[in-house]
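Chain residues, written in single-letter form:
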Amino acid sequence: MAATRRSNARLRAGGVARLRGLRAARRRAALLRRLAGLIGGVLAASGARAVDLPEDHAEALYHLYNGGGVTAQGPALLVRKSIADKVSLTGTYYVDAVSNASIDVVTTASPYRETRQEFALSGDYVYRDSQITVAASTSHEPDYVANNGSIDVTQEVFGGMTNVSLGFSRGSDRVTKKGSPEFQDHATHWQYRLGATQILTPRWLMSANFEALSDDGFLGSPYRVARVFGAAVPERNPRTRTGRAVKLRLIGDLGNRDAMHVEYRYFRDTWAIKAHTAELGYSRYLGQAWLADAYARYYTQSHALFYSDNAISETTYVSRNRQLSTFNDGSLGAKLSYTVRKIPGRYEVKLNGAYEYTRFKFKDFTDVRTGSLYGYSSSVVQLYVSAIY
Amino acid sequence: MKTRMRPAIALIAASALLGGCSMLPTFKPIEPWVKPYERERLADPIMKLSRDSLPEKHFEHVRDVREAARGATGVQGGGCGCN
């Protein structure tokens with residue numbers, strides 16, 4: 001009798017196990033069907049659509065940065081024009097006139113002025129659902145020349161709901177030092193990026209971007225000094241650096257001629273720096289002609305392995321570059337755009353102004369003049385005209 | 001387990017290649033759920049992730065020379081590595 005009960009119990013247990021196995025198999029099959037449907041749908045739904053070339057466009061900008069003893073300002077121009085509806089060419093000219101009396105400069109050298117000029121040329125080509133962008137730029141300062149080339153491909157898939165992008169840049173820099181003709185070095189930079197923008201609903205879209213960055217060569221400043229046992233020595237940085245960054249963005253229409261966006265970026269590199277950036281913004285139309293934007297941004301990072309405010313041992317690498325220290329900064333920004341004239345389908349002219357206030361707080365970088373931790377505020381001003389034609 | 005998984009993988013690959021065509025009615029592709037005519041709000045300039053390139057480039061440059069983190073901004077790279 002007991003044996004029969006045991007046998008029945010075993011049979012029931014076996015039946016339950018088989019039923020569970022069957023349900024699990026069905027769930028797996030349903031999941032596989034959904035996955036197959038999604039992959040098939042993404043590939044099939046692109047159909048016979050075609051992406052448009054970016055609109056013909058021009059921008060004329062005056063920019064100003066002022067903070068921490070540094071003033072950088074200048075004009076910048078951009079003109080974009082399409083040719084035969086297949087190719088769009090863009091030319092950019094950018095000037096940075098820098099007056100530098102930063103804490104590094106006033107404590108170890110003399111304030112100076114210099115000008116950086118940058119020329120860039122790029123071409124966009126569209127074919128069906130793809131856009132290919134090839135760009136080249138060259139930047140000149142008296143002691144630093146940087147040349148850069150890049151290629152980016154974007155592809156619309158899934159009936160235009162998803163935009164996938166791939167890109168690669170290579171930069172090559174020549175570093176010299178004023179007053180030291182014997183000093184000459186170089187740096188090479190590689191960047192590989194991958195991104196996707198996805199329409200979520202008729203009102204919301206999000207994007208995810210990933211970038212791998214690799215640098216090789218002279219990655220510091222020939223003028224900057226580190227402190228070891230209180231004495232000033234030339235900084236010594238590793239000659240390679242690899243970083244990874246991932247950024248997520250979400251933007252949504254709130255339904256009352258207004259929108260909001262939220263962003264987060266995580267960065268880490270082989271110098272042991274980890275950084276987080278977060279931004280929250282709100283945009284709103286005011287009447288027919290005005291568009292206002294406001295945002296708050298927060299950035300925080302940990303210091304590089306070889307960073308030291310005042311090293312108390314001799315190491316292969318040592319730096320007192322405050323960009324590699326532990327610090328955070330918080331920004332508040334606003335932008336206002338005014339549409340001067342708009343004829344739909346023909347042209348549009350806008351006047352724009354933007355302002356950003358930032359406060360930097362350093363956790364392990366001392367102001368050697370006062371002995372207290374360093375901090376400063378900065379302002380960015382942008383005034384520009386933009387036109388679509 | 002491995003032998004059971006193989007046909008499933010083959011089936012996914014086949015359906016992906018065929019793009020969910022009518023030969024496999026059970027694997028109905030997921031349709032784009034926001035139709036082109038529903039994307040009017042998304043096309044508004046207020047919804048652009050990046051509106052004007054020069055001001056974006058300027059902000060990127062200002063941040064690149066003061067913060068250690070770089071990349072994944074969606075703004076095309078280039079320019080100087082100057083500090």
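What counts as what
Numbering of residues starts from 1 in each chain and follows the order in which that chain's sequence is written. Chains carry letters from A onward and ligands carry numbers from 1 onward, assigned in written order. Residues qualify for local features only when their pLDDT is at least 70, as the model is predicted, and side-chain atom pairs are given and counted only at 80 or more; totals for whole chains, interfaces and linings, by contrast, use all residues. The helix and strand labels rest on DSSP assignments: H or I over at least four residues marks a helix, E over at least two residues marks a strand, and numbering proceeds from the N terminus. Each residue is classed by its C-beta neighbour count within 10 Å, where at least 20 other C-beta atoms makes it buried, 12 or fewer makes it exposed, and intermediate counts make it partly exposed; the C-beta atoms are placed from backbone geometry. Once C-beta atoms have been placed from the backbone, residue pairs whose C-beta atoms lie within 7 Å are recorded as contacts. Any two strands are treated as partners once DSSP identifies two or more bridges connecting them. Confidence of the predictor at the level of single residues is captured by pLDDT, which takes values from 0 to 100. Residues of type Ala, Val, Leu, Ile, Met, Phe, Trp, Tyr and Cys that are buried and joined through C-beta atoms within 7 Å form what is called a nonpolar core. How far a helix is expected to stretch is found by multiplying one less than its residue total by 1.5 Å.

1. Side note on the overall build of chain B
Line of reasoning, step 1. Per the secondary structure count, chain B includes two helices and zero strands.
Line of reasoning, step 2. Within chain B, buried positions represent 36% of all 83 residues.

2. Re the overall build of chain A
Line of reasoning, step 1. When helices and strands are counted, chain A shows two helices and 18 strands.
Line of reasoning, step 2. Expressed as a percentage of its 389 residues, the buried residues of chain A come to 30%.
Line of reasoning, step 3. Sequence-distant contacts, at least 24 apart, represent 54% of the contacts inside chain A between residues at least 6 apart.

3. A look at the pairing of strand E8 (residues 184–199) of chain A
Residue and element names in this part refer to chain A.
Line of reasoning, step 1. Direction of pairing for strand E7 (residues 162–176) relative to E8: antiparallel, over a ladder of 15 bridges. Following the sheet pairing, Leu-166 is matched in E8 by Leu-194.
Line of reasoning, step 2. Inspection of the sheet shows E8 paired to strand E9 (residues 204–217) by 13 bridges, in the antiparallel sense. Note that in E9 the partner of Thr-197 across the bridge is Ser-207.
Line of reasoning, step 3. Where E8 folds back on E9, the antiparallel hairpin that results is connected by four residues.

4. Brief notes about the confidence of the model for chain A
Residues and elements named next belong to chain A.
Line of reasoning, step 1. The share of residues in chain A with pLDDT of 70 or more is 88%, and the mean pLDDT across the chain is 91.
Line of reasoning, step 2. Within the model, pLDDT remains below 50 along residues 1–11, and this stretch shows zero contacts once partners closer than five positions in the same chain are excluded.
Line of reasoning, step 3. Here residues 42–48 is modelled with pLDDT under 50, and outside its nearest four sequence neighbours on either side it reaches 18 contacts, counting other chains as well.

5. Digging into the nonpolar core
Line of reasoning, step 1. Membership of the largest hydrophobic core comes to 15 residues, with the highest contact counts inside it found for Ile-273, Ala-275, Ala-304 and Leu-324 of chain A together with Ala-68 and Ala-69 of chain B.
Line of reasoning, step 2. In terms of nonpolar packing, the next biggest core, distinct from the first, is built from seven residues, Phe-158, Leu-205 and Ala-259 of chain A together with Leu-42 of chain B among them.

6. Things to note about the environment of Ile-273 of chain A
Line of reasoning, step 1. Note on placement: Ile-273 of chain A falls in the loop between strand E13 (258–269) and strand E14 (274–286).
Line of reasoning, step 2. Between the C-alpha atoms of Ile-273 of chain A and Ser-302 of chain A, which are 29 residues apart in sequence, the distance is 5.4 Å.

7. What to know about the confidence of the model for chain B
Low pLDDT means the predicted coordinates in that region are not meant to be read closely.
Residue and element names in this part refer to chain B.
Line of reasoning, step 1. Averaged over chain B, the pLDDT score is 74; the fraction of residues at 70 or greater is 57%.
Line of reasoning, step 2. Counting interchain partners and residues more than four positions distant, the pLDDT-below-50 stretch residues 18–24 has 16 contacts.
Line of reasoning, step 3. Across residues 77–83, confidence stays below pLDDT 50; counting only partners more than four residues off in sequence or on other chains, it has 32 contacts.
Line of reasoning, step 4. Taken together, the chains of this predicted complex give a pTM of 0.84 and an interface ipTM of 0.87.

8. Re the pairing of strand E12 (residues 240–253) of chain A
For a regular strand, the rule is simple: side chains alternate between the two faces of the sheet.
Residue and element names in this part refer to chain A.
Line of reasoning, step 1. Only one face of E12 is buried, namely the one carrying Arg-241, Gly-243, Ala-245, Lys-247, Arg-249, Ile-251 and Asp-253, since none of Thr-240, Thr-242, Arg-244, Val-246, Leu-248, Leu-250 and Gly-252 on the opposite face is buried.
Line of reasoning, step 2. Pairing geometry for E9 and E12, over 13 bridges, is antiparallel. Directly across from Phe-210, in E12, lies its bridge partner Val-246.
Line of reasoning, step 3. Alignment of E12 against E13, held across 11 bridges, turns out to be antiparallel. Bridging across to E13, Arg-244 finds its partner in Arg-268.
Line of reasoning, step 4. Hairpin connection of E12 to E13: four residues between the antiparallel strands, including Gly-255 at a positive phi of 95°.

9. Brief notes about the environment of Val-225 of chain A
Residue and element names in this part refer to chain A.
Line of reasoning, step 1. With respect to the helices and strands, Val-225 occurs in strand E10 (residues 225–228).
Line of reasoning, step 2. Here the alpha-carbon distance between Val-225 and Val-318, two residues 93 residues apart in the chain, equals 9.3 Å.
Line of reasoning, step 3. Residue contacts for Val-225: discarding those within four places in its chain leaves Thr-108, Ala-232, Val-233, Pro-234, Glu-235 and Arg-320.

10. Side note on unusual backbone geometry
All names here are of chain A.
Line of reasoning, step 1. A positive phi is found at Phe-158, a non-glycine position, where the angle reads about 55°.
Line of reasoning, step 2. Classification of Phe-158 by C-beta neighbours within 10 Å gives buried; the count is 22.
Line of reasoning, step 3. Residue Ala-272 is not a glycine yet carries a positive backbone phi of 75°.
Line of reasoning, step 4. Judged by the 13 C-beta atoms lying within 10 Å of it, Ala-272 falls in the partly exposed class.

11. A look at the environment of Val-153 of chain A
All names here are of chain A.
Line of reasoning, step 1. Looking at the element boundaries, Val-153 is found in strand E6 (residues 144–157).
Line of reasoning, step 2. The exposure class of Val-153 is partly exposed, given the 15 C-beta atoms found within 10 Å.
Line of reasoning, step 3. Note: C-alpha distance between Val-153 and Val-340 (187 residues apart in sequence) is 34 Å.

12. Let's talk about helix H2 (residues 53–64) of chain B
Line of reasoning, step 1. The end-to-end C-alpha distance of H2 of chain B is 16 Å, a good match for the 16 Å that 12 residues give at a rise of 1.5 Å each.
Line of reasoning, step 2. Buried residues of H2 of chain B: Ser-53, Leu-54, Pro-55, Lys-57, His-58, Phe-59, His-61 and Asp-64 of chain B, and no others.

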